[in-house]
Number of protein chains: 2
Amino acid sequence: MQNLVTAAILIIGDEILSGRTLDTNVQTIAKMLGERGIQVQEVRVVPDVIETIVDTVNALRKKFTYVFSTGGIGPTHDDKTAEAMAKAFGTKLERNAEAWRRLVVHYAGEENINAGRAKMADIPVGAALIDNPVSTAPGFILENVHVMAGVPKIMAAMLEGVLPKLQGGAVIHSRSVSADVPESVIAGGLAAIEAKYAGITVGSYPKFTPNQQPHTTIVVRGADEAAVEAAIREVGTLMQGAGAVPQY
Amino acid sequence: MQNLVTAAILIIGDEILSGRTLDTNVQTIAKMLGERGIQVQEVRVVPDVIETIVDTVNALRKKFTYVFSTGGIGPTHDDKTAEAMAKAFGTKLERNAEAWRRLVVHYAGEENINAGRAKMADIPVGAALIDNPVSTAPGFILENVHVMAGVPKIMAAMLEGVLPKLQGGAVIHSRSVSADVPESVIAGGLAAIEAKYAGITVGSYPKFTPNQQPHTTIVVRGADEAAVEAAIREVGTLMQGAGAVPQY
């Protein structure tokens, strides 16, 4: 594919691995990047352990155009991402003057900045700040790695600010069609449709309806909008041929 | 920690990476394994690409006691997990007689088994089957790797059947307490509590309430239930000291 711009997402947080918290940041980031033509190709979730974060970010940043991390940049002892990112890039944390200035304004004076809050101004040397319009404490960028907060609302606001600065790629068009049909009935036809159109992918996603009927959603994706449209219509025809009513 | 049993989760599917689908299998698996004392230490999400699946499962199966994969074992052309797993283990797919027998019963006769359905009986040589009480087509086990369906309801039923056969570890007890207080206010006290009790971890999870107030949930985890209980009470006292009302 021409102009392929890729990304990995690195979710940092024990609470996701324990099952306590359902991650929604992957979906939000993937959708927002997709609209800019940036394809997420890998996600990793790791614990709040410095060596693990270091190894993971160093593996991902070499493999993909961009890396986006979430989590571990808050004021508490279990927030270890800034320290890990500094280590991954062979640099150190420093009290960032601009981050400090913002926190002093936010907390209405230096006298209200305890050690935990001060920690949020400790940013790796050489990093650029990512604005946090929700709660002030910034994220940061080191080369192709974007380090963001884990709270979904803050993360989304940070990414919104970063997006216009990213190199966009070919936008992938996506069309879907669904019907009450088991995917196994139309499997052969789907493979034929994918083979017919160069550069498109045909994904098949089965589920059960609330009344336990098999239901399948087919998603056609590709950079060529006309090919995507033609292919999804063929899928609909295939579903009709199986006696189902396709819903686009 | 004594008797540490670890796991990685491997989510296979373009639909998660594109943001089309919100993954919920990680949370379900993490909770179910946690109750058996098996700690999920890493999650990876990869696309339906055979080489990527091979490399990822080979990395994970060496690092963790168990690997649990979801997705890519259905009847359509984009289901590539069985082929990838066979390749990762240096073996081949074969038409599994028991899987075939089950599918013939499920579809009420061989004459109803098209190529897509037949594909679901192609299992790596040497694998043990995982029962699928929802829709028949089985998952499978190769050494420490458990290959399950991606549909959440089927995945949960498969894991339920597998769980009693897994080696359990030390169960981690977890207690939480929440209050309308910014985590930065109690950060210092939290670090002191974690330092006081050996073998416990104190996680701090901030969010905003619907009326935009900062709210923090503290989760204490550890194998020693008495230490977990004592620590969570100290966190509650810390919150009260900050003028907040702790909710256990």
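A brief structural summary. (Residues numbered from 1 in each chain as written. Chains lettered and ligands numbered in written order. Predicted model: local features only at pLDDT ≥ 70, side-chain atom pairs only at ≥ 80, totals over all residues. Heavy atoms only, no water.)

**Quick notes on the overall build of chain A**
When helices and strands are tallied, chain A shows nine helices and 11 strands. Counting only C-alpha atoms and orienting by the principal axes, one finds that chain A spans roughly 70 × 40 × 30 Å. Counting only residues that meet the buried cut, chain A has 56% of its 248 residues in that class. Residue pairs in contact within chain A that sit at least 24 positions apart in sequence constitute 67% of those at least 6 positions apart. One way to put it: in chain A the 22 positive side-chain charges average out to a point 1 Å from where the 26 negative ones average out. (Helix = DSSP H or I, 4+ residues; strand = E, 2+ residues; numbered from the N terminus. Buried < 20%, exposed > 50% of the residue type's maximum accessible area, 1.4 Å probe, protein only. Contact = heavy atoms within 4.5 Å. Lys, Arg positive; Asp, Glu negative; His and termini not counted. Charge placed at Lys NZ, Arg CZ, Asp CG, Glu CD.)

**Points about helix α5 (residues 97-106) of chain A**
The backbone nitrogen of E98 of chain A lies 3.1 Å from a side-chain oxygen of the residue at the head of α5 of chain A, namely N96 of chain A. Immediately downstream of α5 of chain A, the backbone of A108 of chain A shows phi near 60 degrees, a positive value. (Polar contact = N/O pair within 3.5 Å; in protein donor to acceptor, adjacent residues only side chain to side chain.)

**As for the side chain of T81 of chain B**
Relative to the elements of secondary structure, T81 of chain B occurs in helix α4 (residues 81-88). Residue contacts for T81 of chain B: discarding those within four places in its chain leaves I12, I53, S69, G71, G72, I73 and V147 of chain B.

**Some thoughts on empty space enclosed by the protein**
For the coordinates displayed, the defined rule picks out one cavity of 30 Å³ or more. Here the largest cavity is characterised by a volume of approximately 160 Å³. Along the walls of the largest cavity sit 18 residues, with D23, V26 and V45 of chain A together with D23 and V26 of chain B positioned nearest its centre. Sorting the residues of the lining of the largest cavity by element identifies α2 (25-35) and β2 (38-46) of chain A together with α2 (25-35) and β2 (38-46) of chain B as the ones contributing at least two each. Its residues assigned to classes, the lining of the largest cavity comprises 12 nonpolar, four polar and two charged. (1 Å grid on protein atoms, 1.4 Å probe; cavity = no way out; pocket = protein on both sides within 12 Å on 5 of 7 lines; lining within 4 Å. Points joined across faces, edges and corners; volume = space filled by probe spheres on them. Nonpolar A, V, L, I, M, F, W, Y, C, P; charged D, E, K, R; others polar.)

**Observations regarding the interface of chain A and chain B**
Contact residues are listed per partner, giving 55 residues for chain A and 55 residues for chain B. For the pairing of chain A and chain B, the buried interface totals around 4300 Å² over both sides, and the portion due to carbon and sulfur atoms is 57%. Our count for the contact surface shared by chain A and chain B stands at 16 residue pairs in polar contact (both at pLDDT 80 or more). Of all the secondary-structure elements, those providing two or more residues to the side of chain A that touches chain B are α1 (14-17), α2, β2, α6 (115-119), α7 (152-162), α8 (183-196), β10 (201-208) and β11 (214-222) of chain A. (Buried area = accessible area lost by both parts, 1.4 Å probe.)

**Description of the nonpolar core**
In terms of nonpolar packing, the biggest core is built from 121 residues, with L33, M85 and L159 of chain A together with L33, M85 and L159 of chain B touching the most fellow members. The contact partners of M85 of chain A, leaving out residues within four places of it in the chain, are L10, I12, I53, V57, S69, F140, L142, V145 and V147 of chain A. (Core = buried A, V, L, I, M, F, W, Y, C linked by side-chain atoms within 4.5 Å.)

**Structural notes on the sheet that holds strand β10 (residues 201-208) of chain B**
Residues and elements named next belong to chain B. Read across the open sheet, the three strands follow the order β9-β11-β10; overall the sheet is antiparallel. Two strands close off the open sheet at either side, each with one partner strand: β9 (173-179) and β10. Adjacent strand axes in the sheet meet at a mean angle of 20 degrees when their direction is disregarded. Bridge count between β10 and strand β11 (residues 214-222): eight bridges; the pairing is antiparallel. Its bridge partner lying in β11, P206 is registered against T216. Running over the sheet, helix α8 (residues 183-196) touches β10 and β11 and is turned about 170 degrees from β10. Here helix α9 (residues 225-241) sits on the sheet in contact with β9 and β11, set at roughly 5 degrees to β9. (Pairing = 2+ DSSP bridges. Axes fitted to C-alpha atoms, helices over the stretch in contact; angles between N-to-C directions.)

**Here's the deal with the sheet that holds β10 of chain A**
Residue and element names in this part refer to chain A. Judged by pairing direction, the sheet is antiparallel, and its three strands sit side by side in the order β9-β11-β10 without closing on themselves. Looking at which strands have only one partner, the edges of the open sheet turn out to be β9 (173-179) and β10. Averaged over all pairs of adjacent strands, the angle between strand axes in this sheet comes to 20 degrees, irrespective of strand direction. Packing against the sheet, α8 makes contact with β10 and β11, and its axis sits at approximately 170 degrees to β10.

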